[in-house]
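In case you want the letters, here they are:
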Amino acid sequence: MKTAESEIPDAHFSVDKQNISLWPREPPPKMGSSPVLRKLCTVRAAFVILTLVLLTSVVLQAVLYPWFMGTLSDVKTNGQLLKGRVDNISTLSSEIKRNRVGVKATGIQVQMVNASLDHVRSQIRRLETGVRAANAQIRILTTSWEEVDSLNAQIPELKRDLDKASALNVKVRGLQSSLETISKLLKKQNDILQMVSQGWKYFEENFYYFSHVPKTWYSAQQFCKSRNSDLTSVTSDSEQEFLYKTAGGIFFWIGLTKAGSEGEWYWVDNSPFNKVQSMKFWSPGEPNNARNNEHCVHLEVSSLQSWNDASCDHQLLFICKRHYIPSEQ
Ligand code: 2F8
Ligand code: CA
C-alpha cells in the first residue's frame, strides 16, 4: 500500500489570472514566475474575491433591504393585526366566559323548552288521536245526518198522520167518555131496576119504599134502617109533590118528629129542617098536637098541604127513603 501511495502523486491547484490549473504536488509546475509575483497574484485574487463579495453584499442589500423592510413592515402590520386579533380573542374570551353562564342558563331553558316541546308533542299526539276519533264521530254523524234528512223528509207526511191521529184520538176520547157515561148510566139503570124490582120507586137520585104493612112510627123507622134507609124527609116542593101524589091520599108516616111536646121538629135522617119553607106542607090547622101527644108526622091527603102531626103509636103505612150512591165500577 505504501508503494501504491508513493506511486500516485497528490493533486494541487493554483489560481492564476482566473485560470485554474491542476498539477502534481511534487514538483510544482513551473510557470516561469517569481514568489513576489505569485503573492501579488494571490492578493489580487483575494481583492477580487472581496470585491465580488462586497458587490454581492451591496447588491443583496440594495435588493433585499427593501424587500426585508417591506417584509418587516408586513410582519409588523401582521403583528399588529395579530395583536388586535389576540386582543379581540381576549375580549371574546372574556365575553365567552361572561356568556358561559348565560349559555348554561340558556341550555337549561333549552332543556325546559325541549321538555315543553315533548309535552306539546305528546299533547299534539293526543289531539291527533282525538281528532281522528272526532273525525270518526263526524263520519258517523254525517251518516246519521243523512238518515235524519231522510226522516225530515218524512216529517210533513208524519205530521199529517199525527194530525189525523190526534183528531181520531180526540174522537176516541170523546167516545170513551161517552162510553164511560153510558156505562155509568147503564150501571145506574141496572141499580134502579134492581131496586124497583124489590118494590122501591126512584125519584131525583133517591129511592122510596111505600110500605104495604102498617107500623108505629118507631117500628117503621126500624124497618127502614134494616133496608139501609130512613123514614123519608121532605126537602123540596117537587119531592113533596112526588110523595103526596104517590101516596094518593092514604096515610103514610114520614120521618119528621120531635123530642117531647116542647121539642123542635127534626128529620130522622138528619136532613136540616127548614121550619119556614115547610110551613106550606102542613094541612090547615096543623100541627095542633092534639091531646098533647102528637110528636110524629104523616101524609093524610093528596095535596101540597098534607102533613098532620099525630101520636107516634098509631099504626100507619110508611115511606122509607134511600139516597142513590153509585157503586164502584
Ligand atoms: O081534625 C084534625 C084532627 O083530626 C084527628 O083528631 C080528631 C087527628 N087525630 C088522629 O089522627 C089520631 C088529629 O091529629 C087532627 O089534628
Ligand atoms: Ca094533628
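Just so it is clear, the structure is predicted and the values come from calculations on it, not from any experiment.

## A look at the overall build of the protein chain
From N to C terminus, the protein chain includes 4 helices and 10 strands. Start at the N end of the protein chain and walk to the C end: the helices and strands fall as α-β-β-α-β-β-α-β-α-β-β-β-β-β. The proportion of buried residues among the 329 residues of the protein chain is 13%. Expressed as a percentage of contacts within the protein chain between residues at least 6 apart in sequence, the contacts between residues at least 24 apart total 58%.

## Examining unusual backbone geometry
In this chain, E286 is followed by P287 through a cis amide linkage whose omega measures -5°. Here P287 lies in the loop between β7 (265-267) and β8 (296-299). Within the chain, N289 stands out as a residue other than glycine whose phi angle is a positive 50°. With respect to the element layout, N289 can be found in the loop between β7 and β8.

## Focus on the site of ligand 1
Ligand 1 sits among E286, N288, A290, E294, N308, A310 and S311. Classifying every residue of the shell around ligand 1 gives 2 nonpolar, 3 polar and 2 charged.

## Some details on the pairing of strand β10 (residues 317-323)
Sheet topology note: the strand β4 (residues 206-210)/β10 ladder contains 5 bridges and is antiparallel. Note that in β10 the partner of Y208 across the bridge is K321. Pairing of strand β6 (residues 252-258) with β10 involves 2 bridges; the strand directions are parallel. Across the sheet, the residue bridging to F252 is L317, located in β10.

## What to know about the pairing of β4
As a general feature of sheets, a regular strand has side chains that alternate between the two faces. Bridge count between strand β3 (residues 200-203) and β4: 4 bridges; the pairing is antiparallel. Within β4, the position partnered with Y202 by the bridge is F207. The turn linking β3 back onto β4 is made up of 2 residues, and E204 within it adopts a positive phi angle of 45°.

## Section: the nonpolar core
Ranked by internal contacts, the top residues of the largest apolar core, which has 29 residues, are L231, F252, W253, I254, F318 and I319. Considering each element in turn, this core owes the most residues, 4 residues, to β6.

## Some remarks on helix α4 (residues 237-247)
Along α4, the residues classified as buried are Q240, L243, Y244 and A247. All buried residues of α4 lie within an arc of 90° about the axis, which places them on one face of the element. Exposed residues pointing more than 90 degrees away from the buried face of α4 are listed as S238 and K245. In the stretch just after α4, G248 is the one whose phi turns positive, near 65°.

## Examining the confidence of the model for the protein chain
Residue-level pLDDT values for the protein chain average 81, and 74% of them are 70 or greater. Per-residue pLDDT stays below 50 along residues 1-15; that stretch engages in 17 contacts with residues further than four places along the chain or on separate chains.

## Things to note about helix α3 (residues 217-226)
Buried within α3 are the following residues: W217, A220, Q221 and C224. Summarising the axial view, the buried residues of α3 lie within an arc of 100°, below the 170-degree limit, and thus occupy one face. For α3, exposure combined with an orientation more than 90 degrees from the buried face picks out Q222 and S226. Packed against the buried residues of α3 are β5 (230-231), β6, β8 and β10. Remark: N228 follows α3 within two positions and exhibits a positive phi of approximately 55°.

The rules we used
- Each chain has its residues counted from 1, running along the sequence as written.
- A letter from A marks each chain and a number from 1 marks each ligand, given out in the order of writing.
- Only residues with pLDDT of at least 70 are given local features in this predicted model, and only at 80 or more are side-chain atom pairs given and counted; all residues enter the totals for whole chains, interfaces and linings.
- Per the convention used, a helix needs a DSSP run of H or I reaching at least four residues, while a strand needs a run of E reaching at least two, with both numbered from the N terminus.
- Neighbour density around each residue's C-beta defines its exposure: 20 or more other C-beta atoms within 10 Å make it buried, 12 or fewer make it exposed, and counts between make it partly exposed, where C-beta atoms are placed from the backbone.
- We call two residues in contact when the distance between their C-beta atoms, placed using the backbone, is within 7 Å.
- In this entry, near means the residue's backbone-placed C-beta atom lies within 6 Å of the molecule or strand.
- Each residue gets one of three labels, nonpolar for Ala, Val, Leu, Ile, Met, Phe, Trp, Tyr, Cys and Pro, charged for Asp, Glu, Lys and Arg, and polar for the others, Gly among them.
- Think of it this way: DSSP has to see at least two bridges between two strands before they count as a pair.
- For this entry, the nonpolar core is defined as buried Ala, Val, Leu, Ile, Met, Phe, Trp, Tyr and Cys residues connected by C-beta atoms within 7 Å.
- By construction, the arc corresponds to the directions joining the helix axis to the C-beta atoms.
- Confidence scores labelled pLDDT are given residue by residue by the predictor and lie between 0 and 100.

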